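Single-letter residue listing:
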Amino acid sequence: MGSGARLTASRSAELYQRALELMPGGVNSPVRAMRAIGRDPIFVARGDGAELVDVDGNRYVDWVMSWGPLIAGHAQPDVVTTVTAAARAGTSFGAPTRAEVDLAAEVVQRVPGAEMVRMTSSGTEASMSAIRLARAATGRDRVLKFAGAYHGHVDGLLADGGSGLATQGIPASPGVTAAQAADTIVVAWNDRAGVERALGEHEPAAVLCEPYPANMGLVLPDEGFLRFLREATTAAGALLVFDEVITGFRVAAGGAQDRERVMPDLTILGKVIGGGLPAAAYAGRRDLMERVAPAGDVYQAGTLSGNPLATAAGLATLRLLDAAAYERLEVLSRSLGQGLAEAARGAGVEASGAWTTGLVTLFFSRAPVRSYADARACDLDAHAAFCRGMLDRGVYMPPSQFEAWFPSLVHSDAHVDLTLEAARDVLGELA
Ligand SMILES: *Cc1c(COP(=O)(O)O)cnc(C)c1O
């Protein structure tokens, strides 16, 4: 780290050349390739608290934190100890374990809408399964989702997806059947009239949303919008499904539903719940969850679901997340979010900041961003230049306008200061 340092990248460059021959685009998930900011990816050697070290020995303040799971930091000692002990006792059994019961109890205790839990290995699987359950429970096929929201790479849910789809400018994807696409109705976020109209016209099984969308950058709901969704879905006989894969255990102990006091019928969890190992879950009302096999007739399964290492990492992480942790995260996120917005203002760069506990975005847009259309209207070239400049100064931020920064419990005030100093520098050059 250090201001103004130009970092070397010869080993990353060499690995990337090999990777391009062996893996599509050289990566195992598109956003890692950093194409949106016009540079090559950085290959990571290790993580240390809130910092990353790359294969060339450069050190960065990490604001990506594996895109959310690492709320407790890289290689957090309790997590490492617990996972190591779990590995010694056997890495997978395909039979139930005590840790799964403990983790389910922790989820039920924290998340208001969770009466029962089913674990999966990825958020994608959890959202696919929650939708299957919603369809079974209502006898309806269609699903209403919001433009710019991302719910994993489930075929039918790729329409107008945020995150990597937005980053690569892909509106949906070839390979999704017309029938699957036709079952997805897309509405603009914060558009009450649009939701009312779609509910009336399409009679969907569910309205699926990220309660605090963070895959088009962070775009908070307008005052009362989530409550409106609750009332409108109930009136229309549709289920309300909150995808809290990012917000769960991050914006509050029980996620956005806890913070906003709006109870969904089903909740999708991921990222933090696995503490950096592959785990996710769907949860909800007992009468709905008891439709899932083998209690009920809705089939869903997984060889590594509730895996001992992942449940150990998830439990160890959740146990670190007490009231003091959320207070710290709140203060840290505000100082980062406010600081970035002030740095832009100071430099005369058109930008607006968005932040909540554990999530931050700097939009290169003068007007506040309320929808995916607003997010897409940002100056993406300015964002890309900002991001390249920050990386050169040892700040590893999300390499896309359509993603959030992920403050963690191990980011210090010094990490924030260093980041803001770099931001003032880079924004000054951009202006
Ligand atoms: C990351 C994410 C997913 C997908 O989770 P994976 O584990 O990557 O499959 C789903 N929904 C939201 C809101 C996400 O951010």
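Please refer to the structure higher up on the page.
As the structure is a prediction and not an experimental result, all values here were calculated from the model.

*Asks:* Help me understand the pattern of salt bridges, please; the structure alone is not making it clear to me.
*Replies:* Should their charged atoms come close, side chains of opposite charge can pair. With the rule as written, the count across this model stands at 15 salt bridges. When the shortest N-O distance is used, the salt bridge between R98 and D102 registers 3.1 Å. Here R98 and its partner D102 are both found in helix α3 (residues 98–110), 4 residues apart, which amounts to about one turn of the helix. Classification of R98 by relative accessible area gives exposed; the value is 67%. Put simply, E106 and R110 hold a salt bridge, and the shortest N to O gap is 3.0 Å. Of the two residues, E106 and R110 both sit in helix α3, 4 residues apart, roughly one turn of that helix. Taking the relative accessible area as the measure of exposure, E106 reaches 14% and is therefore buried. Overlapping salt bridges, with partners in common, bring together R230, D265, R285 and D287 in one network.

*Asks:* Please explain the packing of helix α2 (residues 77–88) against helix α11 (residues 308–319) as it appears in this structure.
*Replies:* A pair of packed helices is characterised by two quantities: the angle between their axes and the separation of those axes. One can describe the packing of α2 onto α11 by two numbers: an axis separation of 8 Å at closest approach and a directional angle of 155 degrees. With respect to α11, the element α2 is oriented roughly antiparallel. In the crossing of α2 with α11, the sense of the turn from one axis to the other is right-handed. Residue-level inspection shows D78, V79, T82, V83, A86 and A87 of α2 in contact with α11, the latter providing P308, L309, A312, A313, A316 and T317. Residues belonging to the contact of α2 with α11 are distributed by class as follows: 9 nonpolar, 2 polar and 1 charged.

*Asks:* What exactly am I supposed to notice about the packing of aromatic side chains here?
*Replies:* Two aromatic rings are characterised by how far apart their centres lie and by the angle between their planes. For the structure shown, the criterion picks out 8 aromatic pairs. With 5.0 Å between their ring centres and 85 degrees between their planes, F146 and W189 make a pair best called edge-to-face. In this pair, F146 is assigned in strand β5 (residues 143–146) and W189 in the loop between β6 (184–187) and α7 (192–202), connecting sequence segments 43 residues apart. Accessibility classification places F146 together with W189 in one group, the buried group. For the pair Y372 and F402, a centre-to-centre distance of 6.2 Å together with 70 degrees between the ring planes defines the contact as edge-to-face. Pair noted here: Y372 is in helix α13 (residues 372–376) and F402 is in the loop between β13 (395–396) and α15 (413–430), with a separation of 30 residues, a long-range link. What makes Y372 buried here is its relative accessible area of 6%. Owing to a relative accessible area of 4%, F402 belongs among the buried residues under this scheme.

*Asks:* Would you mind going over the sheet that holds strand β3 (residues 59–62) with me for this structure?
*Replies:* Neighbouring strands of a sheet are bound in pairs by backbone hydrogen bonds; such pairs are parallel or else antiparallel. Strand order in the open sheet formed by 4 strands is β1-β2-β3-β13, with mixed pairing between adjacent strands. For this open sheet the edge positions go to β1 (44–48) and β13, each flanked by a neighbour on one side alone. As paired elements, β1 and strand β2 (residues 51–54) share 4 bridges and run antiparallel to each other. Across the sheet, the residue bridging to R46 is V53, located in β2.

*Asks:* When you look at helix α12 (residues 323–347) in this model, what are you seeing that I'm missing?
*Replies:* Because an α-helix completes one turn every 3.6 residues, residues spaced three or four positions apart along the sequence face the same direction. Taking 1.5 Å per residue as the helical rise, α12 with its 25 residues ought to reach 36 Å, and the 36 Å between its terminal C-alpha atoms agrees with that figure. Every buried residue of α12 is listed here: A325, Y326, L329, L332, S333, L336, G337, G339, L340, A341, A343 and A344. Looking one or two places after α12, you find G348, whose phi comes out positive at around 75 degrees.

*Asks:* Just to check I follow, could you spell out the site of the ligand for this structure?
*Replies:* The ligand sits among S122, G123, T124, Y150, H151, G152, E210, N215, D243, V245, I246 and K271. One of the backbone nitrogen or oxygen atoms of G123 is found 2.8 Å away from an oxygen atom of the ligand. A distance of 3.2 Å separates a nitrogen atom of the ligand from a polar atom in the backbone of Y150. Split by residue class, the shell around the ligand holds 3 nonpolar, 6 polar and 3 charged.

*Asks:* Help me understand the sheet that holds β5 in this model?
*Replies:* Across the sheet, 7 strands lie side by side as β4-β10-β9-β8-β7-β5-β6; this open sheet has mixed pairing. Both outer strands of the open sheet, β4 (116–120) and β6, are each paired with one neighbouring strand and no more. When the angles between neighbouring strand axes are averaged without regard to direction, this sheet yields 20 degrees. Where β5 lies against strand β7 (residues 206–209), 2 bridges are found, and the strand directions are parallel. The residue of β7 that forms the bridge with L144 is V207. Where helix α8 (residues 225–236) meets the sheet, its contacts fall on β5, β7 and β8 (239–243), and the angle it forms with β8 comes to roughly 145 degrees.

*Asks:* How do you make sense of α3 when you look at a structure like this?
*Replies:* Taking 1.5 Å of rise per residue, 13 residues should cover 18 Å, and α3 covers 19 Å from first to last C-alpha, within 8% of that figure. For α3, every residue scored as buried is listed here: L103, E106, V107 and R110. Viewed along the axis of α3, the buried residues span an arc of 95 degrees, placing them on a single side of the element. With respect to the buried face of α3, the exposed residues turned more than 90 degrees away are R98, V101 and Q109.

*Asks:* Explain the pairing of strand β11 (residues 352–356) here, please?
*Replies:* Consecutive side chains along a regular strand alternate between the two faces of the sheet. Of the two faces of β11, only the one carrying S352, A354 and T356 is buried; G353 and W355 on the other face are not. Taking the residues that link successive antiparallel strands as the turn, the β11-strand β12 (residues 359–363) hairpin has 2 residues, and the phi of G358 there is positive, at about 85 degrees.

*Asks:* Any chance you could explain the nonpolar core here in plain terms?
*Replies:* Nonpolar side chains tend to gather and get buried jointly when the protein is soluble and globular. Within the largest apolar cluster, 77 residues are counted, with the highest numbers of intra-cluster contacts made by F146, W189, L229, L340, F386, M390 and W405. Setting aside residues up to four positions removed in sequence, W405 forms contacts with W63, L336, L340, G358, L359, V360, T361, F386, M390, M397, P398 and T419. Counting 21 residues, the second largest nonpolar core, distinct from the first, contains A126, Y282, M289 and V298.

The rules behind each value
- Residues numbered from 1 in each chain as written.
- Predicted model: local features only at pLDDT ≥ 70, side-chain atom pairs only at ≥ 80, totals over all residues.
- Heavy atoms only, no water.
- Salt bridge = Lys/Arg side-chain N within 4 Å of Asp/Glu carboxyl O.
- Helix = DSSP H or I, 4+ residues; strand = E, 2+ residues; numbered from the N terminus.
- Buried < 20%, exposed > 50% of the residue type's maximum accessible area, 1.4 Å probe, protein only.
- Axes fitted to C-alpha atoms, helices over the stretch in contact; angles between N-to-C directions.
- Parallel < 35°, antiparallel > 145°, perpendicular 65-115°, else oblique.
- Left-handed = near helix turned anticlockwise from the far one by under 90°.
- Contact = heavy atoms within 4.5 Å.
- Nonpolar A, V, L, I, M, F, W, Y, C, P; charged D, E, K, R; others polar.
- Phe/Tyr/Trp six-rings, centres within 6.5 Å; stacked < 30°, edge-to-face > 60°.
- Pairing = 2+ DSSP bridges.
- Expected span 1.5 Å × (residues − 1).
- Near = heavy atom within 4 Å.
- Polar contact = N/O pair within 3.5 Å; in protein donor to acceptor, adjacent residues only side chain to side chain.
- Arc of directions from axis to C-beta.
- Core = buried A, V, L, I, M, F, W, Y, C linked by side-chain atoms within 4.5 Å.

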